[in-house]
Amino acid sequence: MKKLFSFTVILLFTLSYAQNLKPFSVPKGYKKVMEVKGDLDKDGKDETVLVFDTDKTASDHESASGKKDYKRVFYILKSEQGNPKIWKENFTLLYSSGLGFYPDDNILNLQIKNNCLVVEQSFFSNSRHTQLTKHTFRFQNGDFYLIGSYNHLADTCDFNFTNEINFSTGKVIVDREYSSCDDETKIPENMYKEFIHKFKPLIKMDDFKMNEHKFKIPGLKEDFIF
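Small disclaimer: the values here were computed from a predicted structure and weren't measured.

Draft legend 1. Structural context of the sheet that holds strand β2 (residues 31-38). Pairing in this open sheet of 5 strands is antiparallel, and the strands run β1-β5-β4-β3-β2 from one edge to the other. On the outer flanks of this sheet lie β1 (22-23) and β2, each paired with one strand and no other. Note: strand β4 (residues 68-80) against strand β5 (residues 83-90), 7 bridges, orientation antiparallel. Each bridged residue has a counterpart across the sheet, and for S79 the counterpart in β5 is P84.

This is the structure we're talking about:
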């Protein structure tokens, strides 16, 4: 009886919430970049995630092929009687279309895996450095929360740095590998550190801003920034 009551309450809450969702239509001037589908709330129905270049420029920079640098947004849509409704929208998580040194080589990959939204992005921060980020969000307790963060910075010759967090377990990894294209250069020692850091509460998608969150790394005089 308790299980039936709980299921009824959840169903009524979901239906009430869904009725308050706004209808979706593509804003004027927006250009579709990507579309993925999958079940994000374990209700057996697929949601749709749409990524757009907006009509607002992020900078005056243009790529080698002449493409402008536009701000990006993604929408998570639910379908009600065949009509798309806005469940979530985000204007802060995605890099702009023309970010970096070689914007034509930028990569954006969204996928829905294990009922989670995984956002993977990479760009060249200069002619030698590539930056790869991957953020995983799970719908729980009525909202989307960050449960995984992966950041990899690579230099053509000198280093590979990886920072990784599993927010569910609190496991943090700091991995630094050094090398050199110059045989006479003294190479620093590699460093690998693994520890537990409790995150309370978890960070909501709307509250997450890349590189604006930090905490102390045990045993080191520096912060872990994500």
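Draft legend 2. Quick look at the pairing of strand β9 (residues 143-155). With 11 of its 13 residues buried, β9 lies for the most part within the structure. As consecutive antiparallel partners, strand β8 (residues 129-140) and β9 are separated by 2 residues, and within that stretch N141 has a phi angle of approximately 50°, a positive value. Sheet topology places β9 next to strand β10 (residues 159-166); 7 bridges connect them, and they run antiparallel. The residue of β10 that forms the bridge with G148 is N166. Turn length for the β9-β10 hairpin, with the two strands adjacent in sequence and antiparallel, is 3 residues.

Calculation rules
Residues numbered from 1 in each chain as written. Predicted model: local features only at pLDDT ≥ 70, side-chain atom pairs only at ≥ 80, totals over all residues. Heavy atoms only, no water. Pairing = 2+ DSSP bridges. Helix = DSSP H or I, 4+ residues; strand = E, 2+ residues; numbered from the N terminus. Buried < 20%, exposed > 50% of the residue type's maximum accessible area, 1.4 Å probe, protein only.

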